[in-house]
Amino acid sequence: MKMKLGYFYYDLLNLYGENGNVKILAHHLREQGIDVTVDCLTLEDKKDIASYDWIYMGCGVERSLVLALKDAVKYREDFRKAIDGGTFILATGNSFEMFGKEIRMPSKTYPALNLLSFSTEYKTRTVHDLFLPFGEKKLVGFENHSGATVDTSEAFFIQNDDRTEGIKHKNFIGTYTIGPLLVRNPHFLKSYLTELILHKDPDFSLRPMDLSLEEAAYETSIKTLTEMSYT
């Protein structure tokens, strides 16, 4: 099997080592015996969106986000077809704001790609560690953003008694969880990787995944964050 991954705006949207999400996904796909190609694309690079099995965008400062949005709007219909067709797209940090209706910053409101129902309204900046229920385990990460998701009809990526956050629509995931998400949460990485592979080939024979290093780091994070919650 061959898979093509696209890391969009790699130089603009990578504030918190989020290229780690691309590296770890590509590594474990290759461990499955899959021939992986990774394209790192930025402004003015031609983007054949239909050719990708997975598209990733990370977090950037507001100016970088606006620059990326001005480029992405040229591919609006291609993104629409990709989302509707079930292409896996992961947008972490503020990059997922581009896929809503508009981004209301204090100085200006920017029309976004208008591919999903939500809008983003910039409010008080939120900066702290994330330590939230997510299925049977905790989701760990970090957030640093002013944007708040409003007026959405899509499902939240995280929804529990403590927090609603992000967007989940078909195989599109947007979340403010950075740090990076896939590296710090091996349970999510495994399920996400499995879904991605089986979406490409439902008959693919998955190999056992060695996530021992990721799990050791995850347990250290859990211990640290648990101790912090009681201090």
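Fair warning: this is a prediction, and the values are worked out from it, not measured in the lab.

Parameters at a glance
Residues numbered from 1 in each chain as written. Predicted model: local features only at pLDDT ≥ 70, side-chain atom pairs only at ≥ 80, totals over all residues. Heavy atoms only, no water. Helix = DSSP H or I, 4+ residues; strand = E, 2+ residues; numbered from the N terminus. Expected span 1.5 Å × (residues − 1). Buried < 20%, exposed > 50% of the residue type's maximum accessible area, 1.4 Å probe, protein only. Arc of directions from axis to C-beta. Patch = residues over 30% accessible without salt bridge, like charges linked within 9 Å, V, L, I, M, F, W, Y side chains within 5 Å. Areas by Shrake-Rupley, 256 points an atom, 1.4 Å probe, with all protein chains shown as cover. Salt bridge = Lys/Arg side-chain N within 4 Å of Asp/Glu carboxyl O. Lys, Arg positive; Asp, Glu negative; His and termini not counted. Charge placed at Lys NZ, Arg CZ, Asp CG, Glu CD. Polar contact = N/O pair within 3.5 Å; in protein donor to acceptor, adjacent residues only side chain to side chain. Contact = heavy atoms within 4.5 Å.

Caption draft 1: The arrangement of helix H6 (residues 212-228) in detail. Here H6 is 17 residues long and its end C-alpha atoms lie 24 Å apart, about the 24 Å a rise of 1.5 Å per residue gives. Taken residue by residue, H6 has Glu-214, Tyr-218, Ser-221, Ile-222 and Leu-225 as its buried positions. Axial view of H6: buried residues confined to an arc of 105°, hence all on one face. Facing away from the buried side of H6 by more than 90 degrees, the exposed set consists of Leu-213 and Lys-223.

Caption draft 2: Structural view of the environment of Thr-226. Along the chain, Thr-226 turns up in helix H6. According to the relative accessible area criterion, Thr-226 is partly exposed, its value standing at 29%. Residues Thr-226 and Phe-131 lie 95 residues apart in sequence; the distance between their C-alpha atoms is 8.5 Å.

Caption draft 3: A look at a negative patch on the surface. Negative charge collects at one region of the surface, where Glu-31, Asp-210, Glu-215 and Glu-219 lie side by side. Structurally, the position occupied by Asp-210 is in the loop between helix H5 (186-200) and H6. For Asp-210, a relative accessible area of 55% puts it in the exposed group.

Caption draft 4: Spatial organisation of the side chain of Asp-71. Relative to the assigned elements, Asp-71 resides in helix H2 (residues 62-72). A polar contact of 3.1 Å, which involves the side chain of Asp-71, links it to the side chain of Lys-74. Apart from the residues lying within four places of it in its own chain, the contact partners of Asp-71 are Tyr-9, Thr-42, Leu-43, Glu-44 and Lys-47.

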